[in-house]
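Structural features, examined
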Amino acid sequence: MKKIKNNFKELKTNLKMSWCFVREEKLYFIILVILSLMLAGLSFIIPMLSAQLLLKLTDGLLKDLMLVAIIIFFIEILRNVILYFFRKIFELYSIKATTNAQIKMFEETLKIKTAVIEDNTTGMFIDRINNDTEDIINTFSNLCSVFINMISNAGVFLAVFVINKYMFIYFVLSFIIIAVIENKRNNIYYERTKKLRLIDEKKTGLISEIVRGLQDIKLLNAQSGILKRTRRQLKDINDERIGIVKVTSNFQFISGSVSDLFDVIFYALGCLLVYLNSLTIANFVIIYTYKSRIENLLSFYNSFSMHVRNFNLSATRVFEVIGNTFDKESDKGKNINRINGKIEFKDVSFAYSKDNVLNNISFTINKGERIGFVGSSGSGKSTIFKLLTKLYSLNEGKILIDGEDINNISNKTLRKNISLISQSPYIFNFSILDNLKIGNLDASNDEVKEACKKADIYDVIMDLDDKFNTFVGEGGVMLSGGEKQRLAIARTLLKKSNIILFDEATSALDNVTQDKVQKAIYGLDKDKTILIIAHRLSTINKCDRIVVVDDGNIVDIGTHKELYKRCSKYRELYDCEIV
Ligand SMILES: Nc1ncnc2c1ncn2[C@@H]1O[C@H](COP(=O)(O)OP(=O)(O)OP(=O)(O)O)[C@@H](O)[C@H]1O
Ligand SMILES: [Mg+2]
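Cut-offs and rules
- Residues numbered from 1 in each chain as written.
- Chains lettered and ligands numbered in written order.
- Predicted model: local features only at pLDDT ≥ 70, side-chain atom pairs only at ≥ 80, totals over all residues.
- Helix = DSSP H or I, 4+ residues; strand = E, 2+ residues; numbered from the N terminus.
- Rg over C-alpha atoms; globule rule 2.2 N^0.38 Å.
- Buried ≥ 20, exposed ≤ 12 C-beta atoms within 10 Å, placed from the backbone.
- Contact = placed C-beta atoms within 7 Å.
- Domains from an automatic or database assignment.
- Core = buried A, V, L, I, M, F, W, Y, C linked by C-beta atoms within 7 Å.
- Pairing = 2+ DSSP bridges.
- Axes fitted to C-alpha atoms, helices over the stretch in contact; angles between N-to-C directions.
- Parallel < 35°, antiparallel > 145°, perpendicular 65-115°, else oblique.
- Left-handed = near helix turned anticlockwise from the far one by under 90°.
- Near = placed C-beta within 6 Å.
- Nonpolar A, V, L, I, M, F, W, Y, C, P; charged D, E, K, R; others polar.

Each helix and strand in the protein chain was counted, giving 18 helices and 10 strands. Relative to its length of 579 residues, the protein chain is extended, with a C-alpha radius of gyration of 35 Å against a globular reference of 25 Å. Each principal axis of the C-alpha distribution contributes one length, and for the protein chain these read about 115 × 50 × 50 Å. Scored against the burial criterion, the 579 residues of the protein chain give a buried share of 28%. In the protein chain, once contacts between residues fewer than 6 apart in sequence are set aside, the share between residues at least 24 apart is 79%.

Below is the structure:
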């Protein structure tokens, strides 16, 4: 009982929250409810008329019988017409409401903190956006129509009560007993399905990784290893599915047998009542026609309670993403029109999980400076850039921009004014032009052209058949590594930020192209603050200053000449490259 109460409490909350997706399609929803009511009304009238048909037949009134049959015929036609419109409108409504739900899910997924996304599988978000949103909308509507059907059929109990009290008691008892068994089955089904969906998410994540990593799988000749892993994952899912089928079919067998037993009791009770003159044969026949409707009512109740559980399950999974279960980036903080470009790190420490990746680092970069960052792989250079762009939150210390703590600056302002070209920039399967304008939709054609020329990608684009309208494939697969990097640089230059962070942004370019792009970077407006991470030290020795990072610490800051003289770590890195 407590479980049923909790289910309905959960249902109430979820229905309230789901209404926001349905609200925009209110008109469709209202039409659907009206059509459902009409269908429910007709499904009440038709059996009443069928009972009349039987009475006329037993009384030998053939003329009246024909009239009732014709009325039933027209009502059936009307029912089919209503059903036709119901299905059509239902399809339209489902598509629109599901789209609303999916857009809301996308919007909210984009707000989730990077660290939280990394801690979970991508499958989790894909499944919830794709399947659970669809489930919510469909179940929401199914719930309504099943509920209406239940209400309209409940009248049949009243009819039986009026005809015969003993039969009524029989129907109520049989209904309750079978409903209790089915309820138990639904509870088990719910718990197992919840578990299944979590395993399913992992499978979706694995599939999306396999598809994206297909080329590496082939080159590593790793097909058999990957197949083994996939098989293991599918086996876990199949085991769970088989478990669910086993449990539910056991319960189906029990409830089927119990309802067979009730059938026997029905006939025995009917015969006894007729024998005792408590029931006429005609009324027994009428109650017999109602029997199937009461069985229908039971199956409506079953699907209703199943829909309630499915709805609660999907809705909980969707609202976990839309609500606050996952940490989201807050959009609090000041909106500043223009950031000048002074950067200060004050005793910053940071750990992705347990061990510190950055230890108490401090440095100041003035507006307009060109600063290089060097250090061994894994020393923490990219992490510094990620903290500056608030992809992760600091554990200790402060980062100031123009003297303002970045925690007090809104993400929107910060990311508009700071651009980061990461080590592996993502190029979308859009046209080149759409990829370029993704961070600045208002960029003019001239601005696009100028940015492409600076990034030395203009000639490459003009050589393509569809020029700026060329589609580049998922992740930009149709471009070379260097072309992707140059496109990413052009895309960032178009954002016109005052602080630009280059993280190994030219590592895939040949020396001549790299030289050209580097000159363009150094030649950018002197107002812009530019930070460059590079492994090829020759590309940054023209920087105003260079920061040497080692194992999460800043070991020295100075010009190339100063560092070469006094910093052994820098000398080691530089000499290795020269040799
Ligand atoms: N998302 C992450 N989750 C957990 N640990 C991470 C994550 N990103 C980086 N690390 C760890 O943090 C440390 C510093 O990484 P970072 O990417 O800052 O190094 P880097 O100096 O940029 O190296 P490289 O020159 O190879 O790019 C590494 O030990 C790395 O394994
Ligand atoms: Mg890095």
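A separate point is the domain arrangement of the protein chain. Domain annotation for the protein chain reports domain 1 (21-322) and domain 2 (343-578). Relative to domain 2, the C-alpha centre of domain 1 lies at a distance of 55 Å.

Turning our attention to the nonpolar core. Core analysis: the biggest nonpolar cluster contains 65 residues, and Ala490, Leu501, Ile532 and Val548 have the highest contact counts within it. With 6 residues, the single largest contributor to this core is helix α15 (residues 481-495). Beyond its immediate sequence surroundings of up to four residues, leucine 501 is in contact with Phe385, Leu388, Ile418, Ser419, Leu420 and Leu531. Among the nonpolar cores identified, the runner-up in size contains 17 residues, and Ala97, Ile137, Val308 and Phe311 belong to it.

Quick look at the pairing of strand β1 (residues 343-350) now. As paired elements, β1 and strand β2 (residues 358-365) share 5 bridges and run antiparallel to each other. Each residue of the ladder has a partner; that of phenylalanine 350, found in β2, is leucine 358. Sheet topology places β1 next to strand β4 (residues 396-401); 5 bridges connect them, and they run antiparallel. Across the sheet, the residue bridging to serine 349 is glutamate 396, located in β4.

Here the focus is the environment of lysine 386. Mapped onto the elements of the fold, lysine 386 is located in helix α10 (residues 381-388). The partly exposed category is assigned to lysine 386, around which 19 C-beta atoms lie within 10 Å. For the pair formed by lysine 386 and lysine 342, sequence separation is 44 residues and the distance between their alpha carbons is 17 Å. Ignoring any residue separated from it by four or fewer positions in sequence, one finds lysine 386 in contact with Leu391 and Tyr392.

Relative to each other, helix α13 (residues 445-454) and α15 sit at 130 degrees, their axes nearing to 8 Å. With respect to their mutual orientation, α13 and α15 come out oblique. The handedness of the crossing between α13 and α15 comes out as right-handed. Of the residues in α15, those in contact with Glu447, Val448, Ala451, Cys452 and Lys454 of α13 are Ala490, Leu493 and Leu494.

Around ligand 1 sit Glu118, Tyr352, Val357, Gly375, Ser377, Gly378, Ser379, Gly380, Lys381, Ser382, Thr383 and Gln423, and that is every residue in its neighbourhood. Among the elements that line the shell around ligand 1, the one with the most residues is α10, at 3 residues. The residue inventory of the shell around ligand 1, partitioned by class, reads 2 nonpolar, 8 polar and 2 charged.

Backbone-to-backbone hydrogen bonds join strands into a sheet, with any given pair of strands oriented parallel or antiparallel. Judged by pairing direction, the sheet is antiparallel, and its 4 strands sit side by side in the order β2-β1-β4-β5 without closing on themselves. With partners counted over all chains shown, the strands left at the sheet margins are β2 and β5 (404-405), one partner each. The strands that α10 touches are β1, β2 and β4; relative to β1, the one it contacts most, it runs at about 115 degrees.

Taken in spatial order, the 6 strands make up an open sheet running β6-β7-β8-β3-β9-β10, and their pairing is mixed. Strands at the two margins of the open sheet, each flanked by one partner only, are β6 (418-421) and β10 (553-558). Pairs of neighbouring strands in the sheet enclose a mean axial angle of 15 degrees, with direction left out of account. Along the sheet, α10 makes contact with β3 (370-375), β6, β7 (499-503), β8 (529-533) and β9 (545-550), crossing β7 at roughly 150 degrees.

If you trace the backbone, isoleucine 70 turns up in helix α3 (residues 62-109). Among the residues examined, isoleucine 70 registers 10 C-beta atoms within 10 Å and is labelled exposed. With 170 residues separating them in the primary sequence, isoleucine 70 and glutamate 240 have C-alpha atoms 52 Å apart.

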